[in-house]
Amino acid sequence: MKVFNFEHNLHEEWLRGDLRNMRGRTDDDGKIYEASLERASAIYKGALNGTPIELPGKAFPTSVWHYAIVDRSLLFDLKTLKLMSVKVARSNETLTIQKKTVPADRFDFSGEWQASVWFDRNRQLVQFKYMVDGHEVTVQLDE
């Protein structure tokens, strides 16, 4: 019995640490989101389900794999392109991932987007946690 379906296909192109363009298609239990963005000089121009959209150039995608997210206070959702103001708090933590101890920097996002993201000492993503429809989802990356 199929209870819920979520499929997210996203292609991001980055240059020197900046998102240059992205294309995505998400099927969120039957609701389709087709998003595209391209970086212009000071803004992003794109479309969501065929409707034109502009986002400020200082906005950063919720691409949790990218360490620069920890220094940003304005994010945008990769599915809906919705802008979100956030605050970020940093702490040190030790994680156990597949029986290995990993010293990590934890970043807790609060405000219009709530998530926790852990990076190792090399600034590589090792874990993130977020809420989806009232359910906590934890993703751990292995080698």
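Residues numbered from 1 in each chain as written. Predicted model: local features only at pLDDT ≥ 70, side-chain atom pairs only at ≥ 80, totals over all residues. Heavy atoms only, no water.

Colleague: Which residues make up the overall build of the protein chain, and what values do they have?
Modeller: Scanning the protein chain for helices and strands turns up zero helices and twelve strands. Counting from the amino terminus, the protein chain carries its helices and strands in the arrangement β-β-β-β-β-β-β-β-β-β-β-β. Here the C-alpha coordinates of the protein chain stretch approximately 45 × 45 × 30 Å along the principal axes. Put simply, the protein chain has 143 residues, and 38% of those count as buried. Put simply, of all contacts in the protein chain between residues at least 6 apart along the chain, 28% involve residues at least 24 apart. Carbon and sulfur atoms provide 47% of the accessible area of the protein chain, an area that totals close to 9000 Å². Computing the positive centroid from 20 side-chain charges and the negative centroid from 21, the protein chain places the two 4 Å apart. (Helix = DSSP H or I, 4+ residues; strand = E, 2+ residues; numbered from the N terminus. Buried < 20%, exposed > 50% of the residue type's maximum accessible area, 1.4 Å probe, protein only. Contact = heavy atoms within 4.5 Å. Areas by Shrake-Rupley, 256 points an atom, 1.4 Å probe, with all protein chains shown as cover. Lys, Arg positive; Asp, Glu negative; His and termini not counted. Charge placed at Lys NZ, Arg CZ, Asp CG, Glu CD.)

Colleague: Explain a nonpolar patch on the surface to me, and be specific about the residues and the numbers.
Modeller: A grouping of V3, F4 and F6 is seen on the molecular surface, where their side chains present a nonpolar patch of about 340 Å² in accessible area. Along the chain, F6 falls in strand 1 (residues 6–15). Judged by its relative accessible area of 47%, F6 is partly exposed. (Patch = residues over 30% accessible without salt bridge, like charges linked within 9 Å, V, L, I, M, F, W, Y side chains within 5 Å. Salt bridge = Lys/Arg side-chain N within 4 Å of Asp/Glu carboxyl O.)

Colleague: Residues and numbers for the confidence of the model for the protein chain, please.
Modeller: Parts of the model with low pLDDT should not have their predicted coordinates read in detail. Confidence in the prediction for the protein chain averages 92 pLDDT; 98% of positions are at 70 or higher. Within the protein chain, no element has a lower average pLDDT than strand 12 (residues 135–140), which sits at 85, and none a higher one than strand 7 (residues 74–76), at 98. (pLDDT = per-residue confidence, 0-100.)

Colleague: Explain the packing of aromatic side chains to me, and be specific about the residues and the numbers.
Modeller: In the structure shown here, the tally under the stated rule is eight aromatic pairs. Through a chain of ring-to-ring contacts, the aromatic side chains of W14, F60 and W65 assemble into a single cluster. (Phe/Tyr/Trp six-rings, centres within 6.5 Å; stacked < 30°, edge-to-face > 60°.)

Colleague: Mind laying out the environment of N9, listing which residues take part and the relevant values?
Modeller: Within the secondary structure layout, N9 lies in strand 1. Between the alpha carbons of N9 and D120 there is a distance of 26 Å; along the sequence they are 111 residues apart. Residues contacting N9, with those up to four places away along its chain left out, are R23, G24 and R25. Engagement of the side chain of N9 in a polar contact is seen with the side chain of E7, the distance being 3.2 Å. (Polar contact = N/O pair within 3.5 Å; in protein donor to acceptor, adjacent residues only side chain to side chain.)

Colleague: Account for the sheet that holds strand 10 (residues 115–120), naming residues and giving values.
Modeller: Reading across the sheet, the seven strands line up as 6-7-8-9-10-11-12 and stay open at both edges, with mixed pairing between neighbours. Looking at which strands have only one partner, the edges of the open sheet turn out to be strand 6 (60–61) and strand 12. For strand 10 and strand 11 (residues 125–132), the ladder comprises five bridges, and the chain directions are antiparallel. Note on strand 11: the bridge partner recorded for A115 is Y130. (Pairing = 2+ DSSP bridges.)

Colleague: Tell me about the sheet that holds strand 2 (residues 18–28), residues and numbers included.
Modeller: In spatial order, the strands read 1-2-3-4-5; together these five strands make up an open sheet with antiparallel pairing. The sheet is open, and its two borders are formed by strand 1 and strand 5 (51–56), each paired with just one other strand. Within the sheet, the average angular offset between the axes of one strand and its neighbour, ignoring direction, is 15 degrees. (Axes fitted to C-alpha atoms, helices over the stretch in contact; angles between N-to-C directions.)

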